[in-house]
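One-letter residues, chain by chain:
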Amino acid sequence: MTDDFSKKHYLIIDDFTDMRAVIRSILRSLGVNHIDQARDGNDAISQMNHKRYDVVLCDYNLGSGKDGQQVLEEARHRELIGVDCIFIMVTAENTREMVMGAVEYAPDNYLAKPFTKDLLKSRLDKLFERKAHLSDVNKALMAKDYGAAIQELDTLLADSPKNLSDLLKLKTEICLMANRHDDAMAIYEQVLAVRDITWARFGMGKVLYAKKRHAQAQDIFRQLIELNPNLIAAYDWLSKTQVAQQQFNEAEQTLHAAAKHSPRGLKRQQLLGDLALGNGHAEAAEAAFGHAVTLAKHSILNTPALFAGLAKSKASNNKPVEALKVLGEIDKTFPDKPEAILYKATATATIKQQQGDTAGALDALRSAEQTMTQFGEASHFKLDLEMAKTYALLGQQDKATELLQKAIANNHDDDEFLMEVVRTCREAKLEYDAETAIREIQQGVVKTNNMGVQLIRQGEYDAAIKLLHDAAEEMPGNKTINLNAAKANIMKMEKLGATHADILNVRRYVERVQALAPQDWRLNDVISRLRKLAPKV
Amino acid sequence: MDFSDILASSIHDIKNSLGLILNSLDDLIANPENHIANPRQASLLQHEAQRANSNLIQLLNLYKLGNEQLVVQIAEQNVDDFLSEVVADNQAVCNALNLSLTYACDPSLTGYFDAELIQSVLDSTIGNARRYAHTRILLSADNEAGYLVIRVEDDGSGFSGKLPLWLPDTSEPAQNAGNPARTRLGLYFASSIAQLHKTPERTGRVRLKNSHILSGGCFELWLP
């Protein structure tokens, strides 16, 4: 156990020299030999970029620049630290607001200041023990092999451990990632039968949402908020269920209430801005995007879409000069990023059109079109949607419809995205029946898939592969089709032997999906089967 | 900037200072070559700094409670793990004051509570017990009548007044020999936090009595 202290590498992040010295002397007294220090967020990120740390002790409050949460976000987002690293957030206030703020990346532990040597030792001992206990689960998670992770957890659960409830909760989280909703539901029911526990009730709402039982999910999130008005994550999920039922005004109100409780959530402010703009509430949109731009300043999650949203809201509030100034910031913040050039162009087109400058708007639109060609087949669906909105606003209905058609086909099973398409059409007053189009396209894709599966069953591999290959070329952004095309090739090779050409094809499909959704739960199965056929992958 | 932000940011600064004071005192006490401070005095300083710290947390929580901003996060906890941390956090000061601080509970005992809030209740209760204990403070936990009961006892002279005393069911404030006003605020805090723990049938409470296992005062948290 002493190896945990003497052999491991520690990083202390704090803007106060004295505090760093104090923590350092505590760690030294515990027998720690390898200690590095960082004075702010950027310093910390650059050190984590050069060296792997086992333990990071980070103060939440780091003065100007990134705060502790943003350091954690960037480190996890860029995979500078893995699941095996222990990240401890040191805070002065108590930690519940941060926990309730529904952050995307949570630290392994919070430590309230001031802490004694004994407490830090006892905390670290427990965290090391927990990591060691979960090491096989974490290994599987790092390989994104959710099935294996669940199996490992089941082995641990069979010993009726001390931390049974934590393990059950972890298991449901992995089940949700792996799309095993029924397994997660069974655990929630088991826990709730003993006592009404928030995480289990909450999880039940998430499963109901995933099963498209939106009204029931909505009831659960409402109850949770009623019981605990500070449970911010419940507002976020309530608004999701409202959007799914096309209650866009209600969804905006829900997020507005959440943002009032917890204004530091970047994604929440962005969503709120989007909804408000679509609902014609330009003032609320301006406020939300304004918050988002400020919050994102030092964040890895910063995106030009925030600036475009702020500029559009300002223009709608009759502040064209300010709006153009915001657009000017895009170049400075995101130099030479094609995505930034695109958002700047579409927002410029929107603002000029609103001001009656049709020629200027068309100019900007042309520059947006040119930028779009740079993305090739890999253009992110959000960009397609942004382009479609702009076409619609400038009266180019056909082009807007064509893009939406493509976006739907590429994302036929992503309900949240499809609802954004519906919302876009409504917002842009586009004469396009998105809901019917979605239904028809979905039916087409499902039919192709089913035919492919049937052909494989009959042993008609080549016919299945051709069918799915053609579909994948037509919808290169459709993850399901690409994965099924990959699987058809793999099954053929498993039966008849691997060929170089087939392997190359499978890799192409896999890379497409990885580029779109590296965390997709279906990827691991395909990749590990491919590895067996072509060990060099 | 609203008042809760101002409060939070002031507390952040004060806690940084307290942290430095506490750790410097730790070094002073541990250093055999220290000839500046009498270790006993240093320990008393440490004790008061830690009390100031738990009072600050209590203050912030009371403020939030009054403004309905306090969020309760009840989860299943292993009580043994929980008490071991509470003891670890208070051990140094008790050692310095020549008080033994220990805990006793079944390693498999679990309970449903908000660990952070209950820890802050226990910290200030232990801080109080330090003033009255002669040689020992004992923490223990057990399952009784469908409640998780957590006790903090000392071997001092005990509480005065009518006992046992249930809070918040009584209007008669309990008196602890030294400083009644301070004790009352601490008890108000403890019983408010206890009441935030409830099931459809039961609500958390606090009880004061004397001579449970040790001879002195015994503070009990009853959590459903």
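Residues numbered from 1 in each chain as written. Chains lettered and ligands numbered in written order. Predicted model: local features only at pLDDT ≥ 70, side-chain atom pairs only at ≥ 80, totals over all residues. Heavy atoms only, no water.

Student: A description of the overall build of chain B should follow, citing residues and the corresponding values.
Tutor: The helix and strand tally for chain B stands at five helices and eight strands. With the principal axes as the frame, chain B shows a C-alpha extent of 60 × 50 × 35 Å. The buried share among the 224 residues of chain B stands at 53%. For chain B, the centre of its 16 positive side-chain charges and the centre of its 26 negative side-chain charges are spaced 9 Å apart. (Helix = DSSP H or I, 4+ residues; strand = E, 2+ residues; numbered from the N terminus. Buried < 20%, exposed > 50% of the residue type's maximum accessible area, 1.4 Å probe, protein only. Lys, Arg positive; Asp, Glu negative; His and termini not counted. Charge placed at Lys NZ, Arg CZ, Asp CG, Glu CD.)

Student: Give a description of the sheet that holds strand E6 (residues 165-167) of chain B that names residues and reports values.
Tutor: Residue and element names in this part refer to chain B. Strand order in this open sheet of six strands is E2-E4-E5-E8-E7-E6, and the pairing throughout is mixed. Single-partner strands in this sheet number two, and they are strand E2 (100-104) and E6. Between one strand axis and the next, the sheet turns by 15° as a mean value, whatever way the strands run. In terms of strand pairing, strand E7 (residues 205-210) meets strand E8 (residues 217-223) through six bridges, oriented antiparallel. For Arg 205, the partnering residue across the bridge sits in E8 and is Trp 222. (Pairing = 2+ DSSP bridges. Axes fitted to C-alpha atoms, helices over the stretch in contact; angles between N-to-C directions.)

Student: So what about the domain arrangement of chain B? Which residues, and what values?
Tutor: All names here are of chain B. Under the domain assignment, chain B is made up of domain 1 (3-66) and domain 2 (75-223). Opposite the 16 residues of domain 1 that make contact, domain 2 presents 21 residues. Between domain 1 and domain 2 lies a buried interface of about 1500 Å² when both sides are counted; carbon and sulfur atoms form 59% of it. Where domain 1 meets domain 2, there are three residue pairs in polar contact (both at pLDDT 80 or more). Taken together, the elements giving at least two residues each to the side of domain 1 that touches domain 2 come down to helix H1 (3-30) and helix H2 (39-66). Counting residues per element, the side of domain 1 that touches domain 2 draws most heavily on H2, which supplies 14 residues. Of the residues belonging to the side of domain 1 that touches domain 2, the class tally is five nonpolar, seven polar and four charged. (Domains from an automatic or database assignment. Contact = heavy atoms within 4.5 Å. Buried area = accessible area lost by both parts, 1.4 Å probe. Polar contact = N/O pair within 3.5 Å; in protein donor to acceptor, adjacent residues only side chain to side chain. Nonpolar A, V, L, I, M, F, W, Y, C, P; charged D, E, K, R; others polar.)

Student: How would you summarise the pattern of salt bridges if you had to cite specific residues and measurements?
Tutor: As enumerated under the stated definition, the model contains 41 salt bridges over all chains in all. Here Asp 36 of chain A and Lys 51 of chain A are joined by a salt bridge, their closest N and O atoms 2.8 Å apart. With Asp 36 of chain A in strand E2 (residues 34-38) and Lys 51 of chain A in the loop between helix H3 (41-50) and strand E3 (55-59), this pair connects stretches of sequence that are 15 residues apart. With a relative accessible area of 29%, Lys 51 of chain A lands in the partly exposed category. A single network of salt bridges, built from pairs that share partners, joins Glu 144, Arg 151, Arg 207, Lys 209 and Glu 220 of chain B. (Salt bridge = Lys/Arg side-chain N within 4 Å of Asp/Glu carboxyl O.)

Student: A description of the packing of helix H22 (residues 397-410) of chain A against helix H23 (residues 415-427) of chain A should follow, citing residues and the corresponding values.
Tutor: Residues and elements named next belong to chain A. Relative to each other, H22 and H23 sit at 165°, their axes nearing to 10 Å. With respect to H23, the element H22 is oriented roughly antiparallel. Relative to H23, the crossing made by H22 is left-handed. Listed contacts from H23 to Leu 404, Ala 407 and Ile 408 of H22 are Phe 417, Leu 418, Val 421 and Cys 425. Here the contact of H22 with H23 is composed, by residue class, of seven nonpolar, no polar and no charged. (Parallel < 35°, antiparallel > 145°, perpendicular 65-115°, else oblique. Left-handed = near helix turned anticlockwise from the far one by under 90°.)

Student: Tell me about the nonpolar core, and please be specific about residues and values.
Tutor: Membership of the largest hydrophobic core comes to 98 residues, with the highest contact counts inside it found for Met 387, Leu 404, Ile 408, Val 421 and Tyr 432 of chain A. Every residue in contact with Tyr 432 of chain A, bar those within four places of it in the chain, is listed here: Thr 401, Leu 404, Gln 405, Ile 408, Cys 425 and Ala 437 of chain A. (Core = buried A, V, L, I, M, F, W, Y, C linked by side-chain atoms within 4.5 Å.)

Student: Could you give me a rundown of the interface of chain A and chain B, with the residues and numbers involved?
Tutor: Size of an interface, as often reported, equals the accessible area lost when the parts are brought together. At the interface, 32 residues of chain A touch 38 residues of chain B. For the chain A and chain B pair, buried surface summed over both sides reaches about 3200 Å², with 50% attributable to carbon and sulfur atoms. Remark: the boundary between chain A and chain B carries three salt bridges. Residue Lys 162 of chain A is joined to Asp 80 of chain B by a salt bridge in which the shortest nitrogen-to-oxygen separation is 3.5 Å. On inspection of chain A and its partner chain B, the count reaches seven residue pairs in polar contact (both at pLDDT 80 or more). Within the residue set of the side of chain A that touches chain B, elements represented by two or more residues are helix H2 (17-29), helix H5 (96-100) and helix H6 (117-133) of chain A. Grouping the constituent residues of the side of chain A that touches chain B by class yields twelve nonpolar, nine polar and eleven charged.

Student: Can you lay out the pairing of E2 of chain A for me, pointing to particular residues and giving the numbers?
Tutor: All names here are of chain A. Bridge analysis of strand E1 (residues 9-13) against E2 gives five bridges, and the strand direction is parallel. Note that in E2 the partner of Tyr 10 across the bridge is Ile 35. The β-α-β motif built from E1, the intervening H2 and the parallel element E2 has right-handed crossover chirality. (Right-handed = clockwise from strand over helix to strand, strands pointing away.)

Student: I'd love a proper account of the domain arrangement of chain A, names of residues and values included.
Tutor: All names here are of chain A. Here chain A is described as being made up of domain 1 (3-132), domain 2 (134-211) and domain 3 (447-533). If you average the C-alpha positions of domain 2 and of domain 3, the two centres end up 29 Å apart. Tallying the contact residues gives seven residues for domain 2 and four residues for domain 3. Ranking the residues of domain 2 by area buried against domain 3 places Lys 144, Tyr 146 and Asn 179 at the top, with a combined share of 68%. Inspection of the domain 2/domain 3 interface yields zero salt bridges. At the junction of domain 2 with domain 3, the criterion picks out one residue pair in polar contact (both at pLDDT 80 or more). Here the residues of the side of domain 2 that touches domain 3 are counted per class, giving four nonpolar, one polar and two charged.

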